[in-house]
Amino acid sequence: MSRSTQVARLDLAGIIVGIRRMAPLCLFVVVFGLAFGVAALSRGLSGLEAMLMSALVFAGASQFAALELWGPEIPLLPLIATTFAINARHLLMGAAIQPWLAHLPPAQRYASVVVMSDSNWAMAAADYQKGKTNVGMLVGGGIALWVTWLFGTLLGVLFGSGIEEPQRFGLDVIMGCFLLAMLVGGRRDLSILLPWAAAALAALAAMTWLPDHAHVIVGAVAGGLVGVLLPARKGEKP
Amino acid sequence: MTLPATLAGAIAAIVIMALVTYLTRAGGVFIMSRVPIGPRVERFINAMAGSVLVAVITPMAVYGDWGARMALVATLLVMLALQKPLPAITAGIVTAALWRML
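Chain B has the name Branched-chain amino acid transport protein (AzlD) in an unreviewed UniProt entry, where Halomonas chromatireducens is given as its organism.

Looking at an unreviewed UniProt entry, one finds chain A named Inner membrane protein YgaZ and attributed to Halomonas chromatireducens. Entered under Sequence similarities (unreviewed entry) in the UniProt record, the comment concerning chain A runs "Belongs to the AzlC family."

Right, dumping it as structure tokens:
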């Protein structure tokens with residue numbers, strides 16, 4: 001049975017497993033939430049506004065970027081453009097796991113992605129590659145991250161003298177190391193290195209010539225196109 | 001146009017950000033649900049999934065300080081050796097912290 005015909009499902013047991021598997025990374029997310037809470041207060045947001053942003057937006061990079069735009073007046077179009085540009089990679093992330101989610105009822109499908117972010121998506125994509133059928137990693141992992149992000153922001157708001165320089169302790173590299181671990185833990189086929197090399201080169205070029213944050217979309221599309229151009233492997237059923 | 005940074009203005013800005021972010025999350029799923037998934041589309045998706053992660057990591061490898069680069073190397077080596085994410089990530093963080101401390 002090929003992967004694309006596996007029937008995905010979502011249940012409470014799967015969600016709980018997802019929460020448990022994501023728990024270690026959540027310890028680090030608290031620190032970033034804390035840093036965001038501190039930064040938000042210093043930009044003039046109230047504690048309530050900082051918490052609301054973490055709860056509703058749940059996208060760290062674009063939340064930090066929004067703080068750069070925050071002042072007595074909030075410019076709306078730059079805010080929308082920045083938020084979209086930074087989060088545009090979610091379009092591709094969602095597309096990549098859509099064959100997996102396709103078997104869920106639409107309400108579950110579109111509710112599941114409410115809590116999609118880099119970390120739980122990377123683990124969910126690995127699950128999909130391995131032929132797992134429970135979407136709990138995406139949802140449970142997302143819930144765990146969301147709660148932790150909110151809790152961290154709360155700590156930052158309450159104890160404003162928290163960690164303001166996470167990079168001093170190596171915390172800024174957490175996300176990169178995590179995503180690399182997910183990447184290496186995935187498929188072991190060496191032919192995948194070609195699309196990845198194309199993605200890295202395209203991302204590099206995009207960082208040089210295109211607006212900020214365009215590199216992820218450009219790199220992902222370049223890698224995908226190289227994947228299409230490669231001849232199908234023997235034994236790979238269409 | 002701008003919004004005043006009053007409570008109402010701030011909340012409006014936050015809600016707008018939330019809507020834009022959700023549109024990116026749901027948009028990819030929605031678009032793909034209307035594209036027939038043949039062998040080419042499936043190969044594109046499979047290659048693209050890893051490529052997203054590669055593209056996100058590239059700035060750290062290229063523009064990060066040597067602490068960040070050594071962190072990635074440490075993560076890669078431990079992951080290849082042990083195949084366990086938590087030790088690999090911990091090795092990366094500790095490497096970055098030590099590199100910057102010394």
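Caption draft 1: Highlighting the overall build of chain A. Check the secondary structure of chain A and you find 11 helices and 1 strand. The helix and strand sequence of chain A, counted from the amino end, reads α-α-α-β-α-α-α-α-α-α-α-α. Taking all 238 residues of chain A together, the buried fraction comes to 52%. Counting contacts in chain A only where the partners sit at least 6 residues apart, residues at least 24 apart contribute 79% of the total. Of the roughly 10300 Å² of accessible surface on chain A, 71% is carried by carbon and sulfur atoms.

Caption draft 2: Just the confidence of the model for chain A, in detail. Averaged over all residues, the pLDDT of chain A is 85; the fraction at 70 or higher stands at 89%. Per-element averaging of pLDDT across chain A places helix H9 (residues 174-185) of chain A at the bottom with 84 and helix H2 (residues 47-56) of chain A at the top with 95.

Caption draft 3: View of the domain arrangement of chain A. Residues and elements named next belong to chain A. When the domains of chain A are assigned, the result is domain 1 (12-187) and domain 2 (191-238). Relative placement of domain 1 and domain 2: their C-alpha centres are 24 Å apart. The interface is formed by 7 residues belonging to domain 1 together with 8 residues belonging to domain 2. One can count 0 salt bridges joining domain 1 with domain 2. One can count 0 residue pairs in polar contact (both at pLDDT 80 or more) joining domain 1 with domain 2. Secondary-structure elements contributing two or more residues to the side of domain 1 that touches domain 2 are helix H4 (76-87) and helix H5 (89-101).

Caption draft 4: Representation of the interface of chain A and chain B within the structure. Contacts between the two partners involve 89 residues from chain A and, on the opposite side, 69 residues from chain B. When the buried area of chain A at its contact with chain B is split by residue, A:Leu76, A:Tyr110 and A:Val228 rank highest and sum to 9% of it. At the boundary of chain A with chain B, the tally comes to 0 salt bridges. At the surface where chain A touches chain B, the tally comes to 14 residue pairs in polar contact (both at pLDDT 80 or more). Looking at the side of chain A that touches chain B residue by residue, the class counts come to 60 nonpolar, 20 polar and 9 charged.

Caption draft 5: Spatial organisation of a nonpolar patch on the surface. A surface patch of nonpolar side chains, amounting to about 400 Å² of accessible area, comprises A:Phe151, A:Leu154, A:Leu158 and A:Phe159. Look at A:Leu158 and you get exposed, because its relative accessible area is 53%.

Caption draft 6: A look at the nonpolar core. In terms of nonpolar packing, the biggest core is built from 90 residues, with A:Met53, A:Leu101 and A:Trp121 touching the most fellow members. Of the domains in this structure, domain 1 (12-187) and domain 2 (191-238) of chain A are the two that each give at least three residues to this core. With residues near it in sequence (within four places) discarded, A:Trp121 still touches A:Met93, A:Ala96, A:Ile97, A:Met116, A:Leu138, B:Ala49, B:Val52 and B:Leu53.

Caption draft 7: Geometry of helix H1 (residues 7-32) of chain B. Counted at 1.5 Å a residue, the expected span for H1(B) with its 26 residues is 38 Å, and the 38 Å between its end C-alpha atoms agrees. Within H1(B), the axis deviates most sharply at B:Ala26, by approximately 35°.

Caption draft 8: Main features of unusual backbone geometry. Despite not being glycine, A:Phe58 shows a phi value in the positive range, around 50°. One can find A:Phe58 in the loop between H2 and helix H3 (60-69). Here A:Phe58 falls in the buried class, since its relative accessible area comes to 7%. The phi angle at B:Gln83 is positive, at roughly 60°, despite the residue not being glycine. For B:Gln83, the position within the fold is in the loop between helix H3 (66-82) and helix H4 (85-101).

Caption draft 9: A look at the packing of helix H1 (residues 12-42) of chain A against helix H8 (residues 136-158) of chain A. Residues and elements named next belong to chain A. Interaxial distance between H1 and H8 falls to 5 Å at its minimum, and their mutual angle equals 30°. When the axis of H1 is compared with that of H8, the two are roughly parallel. Relative to H8, H1 is oriented so that their crossing is right-handed. Its residues placed into classes, the contact of H1 with H8 shows 21 nonpolar, 11 polar and 1 charged.

Calculation notes
Residues numbered from 1 in each chain as written. Chains lettered and ligands numbered in written order. Predicted model: local features only at pLDDT ≥ 70, side-chain atom pairs only at ≥ 80, totals over all residues. Heavy atoms only, no water. UniProt positions renumbered as here; feature names shortened; annotations may be inferred. Helix = DSSP H or I, 4+ residues; strand = E, 2+ residues; numbered from the N terminus. Buried < 20%, exposed > 50% of the residue type's maximum accessible area, 1.4 Å probe, protein only. Contact = heavy atoms within 4.5 Å. Areas by Shrake-Rupley, 256 points an atom, 1.4 Å probe, with all protein chains shown as cover. pLDDT = per-residue confidence, 0-100. Domains from an automatic or database assignment. Salt bridge = Lys/Arg side-chain N within 4 Å of Asp/Glu carboxyl O. Polar contact = N/O pair within 3.5 Å; in protein donor to acceptor, adjacent residues only side chain to side chain. Buried area = accessible area lost by both parts, 1.4 Å probe. Nonpolar A, V, L, I, M, F, W, Y, C, P; charged D, E, K, R; others polar. Patch = residues over 30% accessible without salt bridge, like charges linked within 9 Å, V, L, I, M, F, W, Y side chains within 5 Å. Core = buried A, V, L, I, M, F, W, Y, C linked by side-chain atoms within 4.5 Å. Expected span 1.5 Å × (residues − 1). Bend = angle between axes of the 7 residues up to and from the residue. Axes fitted to C-alpha atoms, helices over the stretch in contact; angles between N-to-C directions. Parallel < 35°, antiparallel > 145°, perpendicular 65-115°, else oblique. Left-handed = near helix turned anticlockwise from the far one by under 90°.

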